[in-house]
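Below are the chains, spelled out letter by letter.
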Amino acid sequence: MTSTNGLDRRAFLTRGVVGGSLLVGATRATDEKKRPALGSATGVAIERAPGERRDVRRSLKWGMVGEGDSVLAKFRMLAELGYDGVELDSPSYADLDEVLAAIEETGVVVPGVVNSMHWIKTLGDRDAAVRAEGVKFLETALRDAKKVGATTVLLVPAVVGPDVSYRDAWERSQAEIRRVLPLAAELGVTIAFENVWNNFLLSPLEAARYVDELESEWVGWYLDIGNVVHYGWPEHWVEALGTRIVKCDVKDYSRGKCNNEGLWHGFDVEIGEGDANYPRVMKALDRIGYRGWFSAEVGGGGRDRLAEVLRRMDAGLQSGT
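Here the structure is a predicted model, which is why all the values come from computation and not from measurement.

Some details on empty space enclosed by the protein
- Under the counting rule described, the total for this entry stands at one cavity of 30 Å³ or more.
- What the largest cavity holds in volume is close to 40 Å³.

Listed below in structure tokens is the structure:
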């Protein structure tokens, strides 16, 4: 069991300053033995022969699976299509005991859990009672993750708005997350912050600082590649966040559609048809030694649609080799 405040200082500093996030070496390798999360970056650049496929694991969100009349039927379909995993919400619409049975039968695993209440019970809210509810939901998500063998809980840490200032969102959310870190350490589940359109942590330098100030190996970053494109370049986030990245979401975004049709229409493109530039993103992830999980977060459907999503995701993830 790892103490919340027991992160080796030398290991922390190797993650620390943004400019030095690639200089990790043996200390980070030691941390990887402590952290069970498959998908973390090692800090050691990945080299491969020309044309050699990347060792990636492909997942998707549970809400995308629109075919199958039971948990087991859905897992069987995903296995047949070639998916390695599927991420659940917490609270979950799926019975977790059924999920465990489906994992055992199909080999499709649950790499991560999404705290689906983080937009409603925000950890930066002015009301302490709301923040306390948010903490309870985060604790439930961590326990759900542990039960199904997931290694991360995705969390939107705070939302900035007219009634919640940037500074207050930062300070309040960090204070609430610190309350939960002992449980995360006890369970061995990482709290992974996602970049979303929440008016908070708008640059990768801030994102890196936010993670580092918590001084715990049980926090990291869940990089949403498509969400970055409207206000930046995903490969820049990879460079700045470095070994803080523990998992990645896969989608795309078109700046042209955004400009011509409206903000949200930017997402109305398939993976590989927008401006995310997956060849550059994947090369950047190679440089920080990222291995493991990529989860599609796009429009779902039945078997044919999910097969198409996997095909497009594979094309993006294997680009730039």
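Re the confidence of the model for the protein chain
- Mean pLDDT for the protein chain: 89, with 88% of residues reaching 70 or above.
- For residues 1-37, every residue scores under 50 in pLDDT, and the model assigns this stretch 71 contacts once sequence neighbours within four places are set aside.

Examining the side chain of Asp212
- Relative to the assigned elements, Asp212 resides in helix 7 (residues 204-213).
- The exposure class assigned to Asp212 is buried, which follows from its relative accessible area of 9%.
- Polar contacts involving the side chain of Asp212 include one to the side chain of Arg244, which spans 2.8 Å.

Focus: the pairing of strand 6 (residues 219-224)
- The buried fraction of strand 6 is high, at six of six residues.
- Note that strand 5 (residues 190-194) and strand 6 share four bridges and pair parallel. When the sheet's bridge partners are listed, Ala192 is paired in strand 6 with Gly220.
- Assessed by its sense of winding, the connection that carries the chain from strand 5 through helix 7 to strand 6 is right-handed.
- Strand direction decides the pairing type here: strand 6 and strand 7 (residues 245-250), joined by four bridges, are parallel. Along strand 7, the bridge assignment pairs Asp224 with Asp249.

Describing the pattern of salt bridges
- Under the counting rule described, the total for this entry stands at 25 salt bridges.
- Close ionic contact of Asp84 with Arg58 constitutes a salt bridge, the shortest N to O distance being 2.9 Å. Of this pair, Asp84 sits in the loop between helix 3 (71-81) and strand 2 (88-90) while Arg58 sits in strand 1 (residues 56-60), and the two are 26 residues apart along the sequence.
- According to the relative accessible area criterion, Arg58 is buried, its value standing at 12%.
- Between Glu270 and Arg305 there is a salt bridge, with the nearest N and O atoms lying 3.1 Å from each other.

Some remarks on helix 4 (residues 96-106)
- The set of residues buried in helix 4 consists of Leu96, Val99, Ala102, Ile103 and Thr106. Take helix 4 and look down its axis: the buried residues cluster within an arc of 110 degrees, on one side only.
- Against helix 3, strand 2 and helix 5 (128-148) lie the buried residues of helix 4.
- Between the side-chain oxygen of the N-cap and the backbone nitrogen of Asp97 there are 3.0 Å, and the N-cap of helix 4 in question is Asp95.

Each value, and the rule that gives it
- Residues numbered from 1 in each chain as written.
- Predicted model: local features only at pLDDT ≥ 70, side-chain atom pairs only at ≥ 80, totals over all residues.
- Heavy atoms only, no water.
- 1 Å grid on protein atoms, 1.4 Å probe; cavity = no way out; pocket = protein on both sides within 12 Å on 5 of 7 lines; lining within 4 Å.
- Points joined across faces, edges and corners; volume = space filled by probe spheres on them.
- pLDDT = per-residue confidence, 0-100.
- Contact = heavy atoms within 4.5 Å.
- Helix = DSSP H or I, 4+ residues; strand = E, 2+ residues; numbered from the N terminus.
- Buried < 20%, exposed > 50% of the residue type's maximum accessible area, 1.4 Å probe, protein only.
- Polar contact = N/O pair within 3.5 Å; in protein donor to acceptor, adjacent residues only side chain to side chain.
- Pairing = 2+ DSSP bridges.
- Right-handed = clockwise from strand over helix to strand, strands pointing away.
- Salt bridge = Lys/Arg side-chain N within 4 Å of Asp/Glu carboxyl O.
- Arc of directions from axis to C-beta.

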